[in-house]
Amino acid sequence: MAEVKLFRTWSSTFALRIVWALEVKGIEYDMIYEDLSNKSSMLLQYNPVYKKVPVLLHKGKPISESFVILEYIEETWTSKTPSLLPGDPYQRAMARFWAKFGDDKILPLIWEAFIKQGKDQEEALIAAHENLKYLEVELRGKKFLGGETVGFADLTFGWLANLVSVFEEVAGVTLIDHEKFPLLLTWMKNFMDAPKIRETWPPRDKLINKYRALRETLIAKEPK
Ligand SMILES: N[C@@H](CCC(=O)N[C@@H](CS)C(=O)NCC(=O)O)C(=O)O
Ligand SMILES: *[C@@H]1O[C@H](CO)[C@@H](O)[C@H](O)[C@H]1NC(C)=O
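Procedures and definitions
- Residues numbered from 1 in each chain as written.
- Chains lettered and ligands numbered in written order.
- Predicted model: local features only at pLDDT ≥ 70, side-chain atom pairs only at ≥ 80, totals over all residues.
- Heavy atoms only, no water.
- Helix = DSSP H or I, 4+ residues; strand = E, 2+ residues; numbered from the N terminus.
- Rg over C-alpha atoms; globule rule 2.2 N^0.38 Å.
- Contact = heavy atoms within 4.5 Å.
- Lys, Arg positive; Asp, Glu negative; His and termini not counted.
- Charge placed at Lys NZ, Arg CZ, Asp CG, Glu CD.
- Salt bridge = Lys/Arg side-chain N within 4 Å of Asp/Glu carboxyl O.
- Buried < 20%, exposed > 50% of the residue type's maximum accessible area, 1.4 Å probe, protein only.
- UniProt positions renumbered as here; feature names shortened; annotations may be inferred.
- Pairing = 2+ DSSP bridges.
- Axes fitted to C-alpha atoms, helices over the stretch in contact; angles between N-to-C directions.
- Domains from an automatic or database assignment.
- Buried area = accessible area lost by both parts, 1.4 Å probe.
- Polar contact = N/O pair within 3.5 Å; in protein donor to acceptor, adjacent residues only side chain to side chain.
- Nonpolar A, V, L, I, M, F, W, Y, C, P; charged D, E, K, R; others polar.

J.: So, the overall build of the chain: which residues are in play, and what are the values?
T.: Summing up its helical and strand segments, the chain has eight helices and four strands in all. Starting at the N terminus and ending at the C terminus, the chain contains elements arranged as β-α-β-α-β-β-α-α-α-α-α-α. Taking 224 residues into account, the globule formula puts the C-alpha radius of gyration at 17 Å, and the chain, at 18 Å, falls close to it. Based on the C-alpha atoms only, the size of the chain along its principal axes is roughly 50 × 45 × 30 Å. The long-range share in the chain, meaning contacts at least 24 apart out of those at least 6 apart in sequence, stands at 70%. Each charge class in the chain was averaged separately, 31 positive and 31 negative side chains, and the resulting centres sit 3 Å apart.

J.: I'd like a description of the pattern of salt bridges, backed by residues and values.
T.: Opposite charge on two side chains makes pairing possible when the charged atoms of those side chains draw close. With the rule as written, the count across this model stands at ten salt bridges. In this structure, the salt-bridge partner of Arg17 is Asp103, at a minimum N-O distance of 2.7 Å. Taken together, the residues span a long stretch of sequence, with Arg17 in helix α1 (residues 13–25) and Asp103 in helix α4 (residues 89–115) at a distance of 86 residues. Classification of Asp103 as partly exposed rests on a relative accessible area of 24%. Between Arg204 and Glu169 there is a salt bridge; the shortest N-O distance is 2.9 Å. Taken together, the positions of Arg204 in helix α8 (residues 204–221) and Glu169 in helix α6 (residues 152–171) put the pair 35 residues apart, joining distant regions of the chain. Exposure remark for Arg204: the relative accessible area of 38% places this residue in the partly exposed category. Among the residues examined, Glu169 registers a relative accessible area of 46% and is labelled partly exposed. Residues joined by salt bridges that share partners form a network here, namely Lys189, Asp193 and Arg198.

J.: Give a detailed account of the UniProt feature "domain: GST C-terminal" (unreviewed entry) in the chain, specifying residues and quantitative values.
T.: Per the UniProt record, "domain: GST C-terminal" (unreviewed entry) is annotated on residues 88–214. Structurally, residues 88–214 is divided into 72% helix and 0% strand, and its ends, taken at the C-alpha atoms, are 42 Å apart.

J.: Pulling in residues and values, what's your account of helix α3 (residues 66–76)?
T.: Of the positions making up α3, those classed as buried are Ser66, Ile69, Leu70, Glu71, Ile73 and Glu74. Elements in contact with the buried residues of α3: α1, β3 (55–58), β4 (61–64), α4 and α6.

J.: With reference to specific residues and values, describe the sheet that holds strand β2 (residues 30–33).
T.: Either a parallel or an antiparallel arrangement is found when strands of a sheet pair, and the pairing is made through backbone hydrogen bonds. The four strands are arranged β2-β1-β3-β4 in an open sheet whose pairing can be described as mixed. The sheet is open, and its two edges are formed by β2 and β4, each paired on a single side. Mean inter-strand twist for the sheet, computed between neighbouring axes without regard to direction, equals 20°. Pairing between strand β1 (residues 4–8) and β2: four bridges, direction parallel.

J.: Provide a residue-level description of the domain arrangement of the chain, including the pertinent values.
T.: Segmentation of the chain into domains returns domain 1 (4–76) and domain 2 (89–220). Centre-to-centre, using C-alpha coordinates, domain 1 lies 21 Å away from domain 2. Across the boundary between the two partners, domain 1 contributes 14 residues, which contact 21 residues of domain 2. Where domain 1 abuts domain 2, roughly 1700 Å² becomes buried across the two surfaces, and 71% of that area is made up of carbon and sulfur atoms. Sorting the residues of domain 1 by area buried against domain 2 places Trp10, Trp20 and Phe67 first, and these three jointly supply 40% of that buried surface. Our count for the domain 1 to domain 2 interface comes out at two salt bridges. Here Arg96 makes a salt bridge to Glu71, at a shortest N to O gap of 2.7 Å. For the pair domain 1 and domain 2, the number of links is five residue pairs in polar contact (both at pLDDT 80 or more). Those elements that provide at least two residues to the side of domain 1 that touches domain 2 are α1 and α3. For the side of domain 1 that touches domain 2, a count of residues per class yields nine nonpolar, two polar and three charged.

Written out as structure tokens, the structure is:
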């Protein structure tokens, strides 16, 4: 039995953050695929508070929440490279700041822009772009947010690199404009090309089908 187990789903980008961290560091692990419409008793036992994936089980002890798990991996396998967080405390704080900014200020707005239509969609897009501009500035002169290698903030933004184009195809809108966000687009490409990233993404056609069905369901529920 592997001493590391990851509870994930085939598509959860929160769980993919952990897949990427374990893969880039070369930590051996087993995966347990959950069906979120019928969660296993193990998942409910290991993450009774949120009942969500990812959960990392290390030597029988469960850890939940992707940011917390990433920090745990960094602190536990200290000799495994690359480091996800820089040595300098200020730079570490900045990596955590951008990661949090992504989940607070970008992910929810891109999601709104994806699942809404008309005016609501337009408003979400404008707000998302305002926030993405901060990221564009942050990427000046850098290959990755973490510098030369993929780091903590890169992993937390990883979903952008692949899912944006899936959302764009399904919703039929441009979410990230090449002219306004050239550095972000370059970062997306660099991230996808980084070791272990592309091959761990779920198949594109499967993602398109999943998000198309989800969007149709959510739009059908909208009050007219
Ligand atoms: N803040 C959490 C978010 C995790 C999350 O939202 N996971 C989703 C899958 S993408 C989930 O397990 N949802 C199950 C549910 O809400 O019932 C993290 O960063 O780990
Ligand atoms: C839910 O999962 C359990 C075991 O994990 C399985 O036995 C059961 O058939 C599943 N139920 C449905 C409705 O898929």
